[in-house]
Every structure is written in structure tokens, then in C-alpha cells.
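Listed below, chain by chain, are the residues.
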Amino acid sequence: MATKPFDIAIVGGGITGLTLAISLLKHNIPVTIYEAASNFGEIGAGVGFGPNAARAVELVSPEFQEAFGRCLTKQHKDKHDVWFSVRVGDQRRGGEDGVVKKQGDKTLKLGDIIFEVHFSDDREWGSVHRAHFLDELVKLIPKSVARFGKRLADISKEDGTDNAVLHFTDGTTAKHSVVLGCDGIKSRTRELLLKDDNMKAVFTGKYVYRGLIPMDKAIEILGEEQATNSQMYLGYNGHILTYPIEKGKTMNIVAFSSQDTWTESEWVVHASKDKLREDYRSWGPRITALVSAMEKPDIWALYNHPPAPTYYGLNPRICLVGDAAHASTPHQGSGAGMCIEDCYILSNLIAEANSLEDVDRVFKAYDEVRRPRTHKLVTTSKEAAMLYEFELEGDDLDAIEQNMTNRMRWIWDIDTVAELERAKTIYRGLA
Ligand SMILES: Cc1cc2nc3c(=O)[nH]c(=O)nc-3n(C[C@H](O)[C@H](O)[C@H](O)COP(=O)(O)OP(=O)(O)OC[C@H]3O[C@@H](n4cnc5c(N)ncnc54)[C@H](O)[C@@H]3O)c2cc1C
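Residues numbered from 1 in each chain as written. Predicted model: local features only at pLDDT ≥ 70, side-chain atom pairs only at ≥ 80, totals over all residues. Heavy atoms only, no water.

## Some words on helix H10 (residues 284-292)
Argument step 1. Among all positions in H10, only Gly284, Ile287, Leu290 and Val291 are buried. Looking straight down H10, one finds its buried side chains confined to an arc of 90 degrees; they lie on one side. (Buried < 20%, exposed > 50% of the residue type's maximum accessible area, 1.4 Å probe, protein only. Helix = DSSP H or I, 4+ residues; strand = E, 2+ residues; numbered from the N terminus. Arc of directions from axis to C-beta.)

## Focus on the site of the ligand
Argument step 1. Taken together, 31 residues lie near the ligand, and Thr16, Glu35, Arg130, Asp323 and Ala336 sit nearest.
Argument step 2. Take Thr16: an N or O atom from its side chain is 2.6 Å from an oxygen atom of the ligand.
Argument step 3. Between the ligand and the protein, one listed contact pairs an oxygen atom with a backbone N or O atom of Ala336 at 2.8 Å.
Argument step 4. Within the complex, 84% of the 1000 Å² of free accessible area of the ligand lies under protein.
Argument step 5. When residues of the shell around the ligand are traced back to their parent elements, those giving at least two are helix H1 (15-26), strand S2 (31-35), strand S3 (46-49), strand S14 (202-214) and helix H12 (335-352).
Argument step 6. If one sorts the elements of the shell around the ligand by residue count, H12 sits on top with four residues.
Argument step 7. Residue composition of the shell around the ligand, grouped by class: 12 nonpolar, 10 polar and nine charged.
Argument step 8. Both of domain 1 (8-74 + 127-200 + 307-392) and domain 2 (82-118 + 202-304) provide at least three residues apiece to the shell around the ligand. (Near = heavy atom within 4 Å. Polar contact = N/O pair within 3.5 Å; in protein donor to acceptor, adjacent residues only side chain to side chain. Areas by Shrake-Rupley, 256 points an atom, 1.4 Å probe, with all protein chains shown as cover. Nonpolar A, V, L, I, M, F, W, Y, C, P; charged D, E, K, R; others polar. Domains from an automatic or database assignment.)

## Digging into the domain arrangement of the chain
In many analyses, interface size is given as the accessible surface area lost on bringing the parts together.
Argument step 1. With domains assigned, the chain is organised as domain 1 (8-74 + 127-200 + 307-392) and domain 2 (82-118 + 202-304).
Argument step 2. The interface is formed by 32 residues belonging to domain 1 together with 28 residues belonging to domain 2.
Argument step 3. Regarding the contact of domain 1 and domain 2, the summed buried area is about 2400 Å², with carbon and sulfur atoms giving 62% of it.
Argument step 4. Three residues stand out in domain 1 for area buried against domain 2, namely Tyr388, Glu389 and Phe390, and they jointly supply 27% of the buried area on that side.
Argument step 5. Across the contact surface, domain 1 and domain 2 share two salt bridges.
Argument step 6. Close ionic contact of Lys206 with Glu389 constitutes a salt bridge, the shortest N to O distance being 2.6 Å.
Argument step 7. The interface formed by domain 1 and domain 2 holds 14 residue pairs in polar contact (both at pLDDT 80 or more) in total.
Argument step 8. Contributing elements (two or more residues each) for the side of domain 1 that touches domain 2: S3, helix H3 (62-71), strand S8 (126-129), helix H5 (130-138) and helix H13 (356-388).
Argument step 9. Looking at the side of domain 1 that touches domain 2, the element that brings in the most residues is H13, giving four residues. (Contact = heavy atoms within 4.5 Å. Buried area = accessible area lost by both parts, 1.4 Å probe. Salt bridge = Lys/Arg side-chain N within 4 Å of Asp/Glu carboxyl O.)

In C-alpha cells:
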């Protein structure tokens, strides 16, 4: 039943599209999702959610939080406030004797914990298996809402009305008064809105091997404590993260490396074991064993978006959400969390709108509140990789520790409810 004098198309059914649909449906606002693929799907890797992301999940709806809870893997109780235990993985930093740092009368060697990055309090956080999380989200969406095999090609404006006409590559069209572009880093909606090739995603000089290791195998290599909690191994022009997913049955591993340019047309390519071993040749036997144990690793080229001058347009009404607006590198583990924050703020603003003119003000308020925060993530995230890979503070472990201790606070400690109130104040002030 129409509850608003406008109707909404969501382009893309990834974490953002589905979260946005769930958030809007909770407010009884009907939506139609147009997804290019033949079904909803995610890859079988892990995704970490910091306290801000877990809070945004909680705010979206109780059902959404339950779905998240069914997938959430937490650390051991005594490590619950530790984001990552940071170790040096690259043998070259240790020299002959493997000593990387002297701390009082303690000698820290390659592979030892150098420091830990703690959350400010004991809030919920953890990681999920992407595909399982998406499956849980799909259960919260009525089947009638989704249209599959609909790859957006163009958007035009219908003569004499406020409608946007969505044109799909299969030759079909659909009319809606509002288009929310949730079509990810290669977003067609973004291209159509910004009309600027300089706004396309750019290669960041980093790529990553993603893979999974059965936890038994990971424990054999690393020992239980190390395998079942989050670890970050630092090195020259590379770093490695490991953390448990699937309630501890599997260890997710993401191994980063660097190169100046990306020449392949695909951004995800099959990884050869030889290249993998070559990239971590100087990282010592444990890391060699770890990367060799990755099941079917892929290489992902890491791209990010230049800062968009706006996230919306009014003729026709289009707004970018999630990675379509601000795709970032994963180095602060916060891209998906930002997507969920976007959805919470935007859906609650749309719930206040009772006309298309109100939607214009919603877009403006959303843009004003979300653009600075999400752009900051893109910039600081790229810088974070340089920090972990001895390119920002060199291999000075004290300077790295000092930098890492507080660099995530602005992400984790946001008061998302206050952010929504700020957005609503802007929205109302624009009347
Ligand atoms: C290696 C890596 C690790 C990461 N780790 C983390 C992490 O630990 N924590 C975290 O918070 N974030 C992480 N991220 C970021 C996170 O994955 C993204 O922010 C998030 O998945 C983006 O979701 P999305 O729905 O906006 O986009 P996507 O997941 O890209 O979904 C877009 C959807 O739109 C569809 N689509 C595309 N084009 C069209 C079209 N023209 N028409 C119709 N449909 C279309 C696609 O098929 C897809 O279903 C990581 C990213 C990478 C690359």
C-alpha cells in the first residue's frame, strides 16, 4: 500500500541495498530492488564490524540485529576489547636475531605481540561470513520486492512528470520518483549522476589475497590463542590480517601487498600459489605456512573513490548510498559499517518526508551529514595501509603504536542517534 506520495527504486542488492530496503520497509515505505545478478549473493569471505557498525545494526531494527547476531563471531572473552593484536610479520624488520623491539627487560621478537589496539569500551563488535550475513538479510525482505537480472544502464527523466525512468541492459524500463543508487564501487548510478570520469574509482597501489582456512588447520600453524583472535602482522609494503568467522569454525585471512599500477581489466583475479609465496618470501616460516594454507585464494585489486562533490541530484531525484557514494579501501575495516550508518540515517529521514519537495530536503541533509564522515574514511583508510606497511612512519614501531592507538576513535565512537538528530535538524531547517 502506498504510504508516501513517492515511490522508491533501489539499484543494487548488496549489503547496502538490502539494509536500506529493510530500513525503509520497517517504516512501511514500499521499495523495489533492481539487482543486476540473477540472485542476491556475496562472496565467502569475512567482514569485520566495529562498535559503530554494530550500533547502526541495532538501530536499524530488532530483526536486523537478530540476523546479525546469528552470524556474529566474537573474540575470546579476555580479548573482547581488542581490535587487533599487532605483531611484526616481516623477517627483514627482525634482522639476524629476530628481535624487533626491546621493551624494558623484555625482548620482543618476530611474531610476538608488540601492542594491542583497544576499543574504548565494552560494546558489541565482531565479524561475520559475508554470504551467510547476506542470506540472513534476504530472509527479512519479501520476495515481491526484488527484480533480478536488471542491470541499470541509464536513467532519464519522464517528460511532464517528476519520474525517473530507469533503463536496464535487457531493454526494459521502470518508472520511480526516487532512485537510490546502491550499486557498489563500479556504480552506474554514480556515473550517471556525477557525469565525470575523474569520479571513477582509482587503484590505490595495494592488492589483497583473500581466503579462508579451516580453524583446526589455523590452530596447527599459529596455536589456539593466535588463531582464534584478531591478528595484524606488519611488514614492508605489505600486511596480513587474520580473524575468526563462522562462530570460530573458520579463520579469515586477508594478505595485503603493493604494486604501482593495476593493468588487468578485472579487479578480482585468480591467485597463483607461486605469486603468493613470492610476495611473502621474506616473512618467515609461520607466515609462509599460513598463506600456503589459504583455500582458493583470489587477488582483489584495491580501488577507492575520489571525493564526490555531491551524493545527490534532483532532476531526476537520485541519491548515492554505500560504496556507490564512497567506496574505500578495507584498511580500517569500516566500509560496510559506513554503508549501514548511511541506511539508518537516510531511511529515517525519508520516513519524515511527505512530498517530493521533502525528499529534496532529505537528500540535502543526508549529503551534509554523511559526505564529510564517509570521505574521511576513504582518505584515512588509504593512509592506514601505508602506516601498517612501514610507508608512513617508516618501521618505527613506537610511532606506529602511537598513531594506531587513537586513529579509529572517530569511526568507532560516533553517536549515530545524535547524527540522525543533526540531520533532522538540517532537514527541518531547510523547510
Ligand atoms: C578486501 C575487502 C575487505 C573488506 N573488509 C571490510 C571489513 O572488514 N569491514 C567493513 O566494514 N567493510 C569491509 N569492506 C568494504 C565492504 O565490503 C563494502 O563497503 C560493502 O560490501 C559495500 O556494499 P554495497 O552494497 O554498497 O556494494 P556491493 O557489495 O558492491 O553491492 C553492489 C550490488 O549492486 C549490484 N549492481 C552493480 N551494478 C549494478 C547495476 N548497474 N544495476 C543493478 N545492480 C547493480 C551488484 O551486483 C551488487 O549486488 C571490505 C572491502 C574489501 C574489498
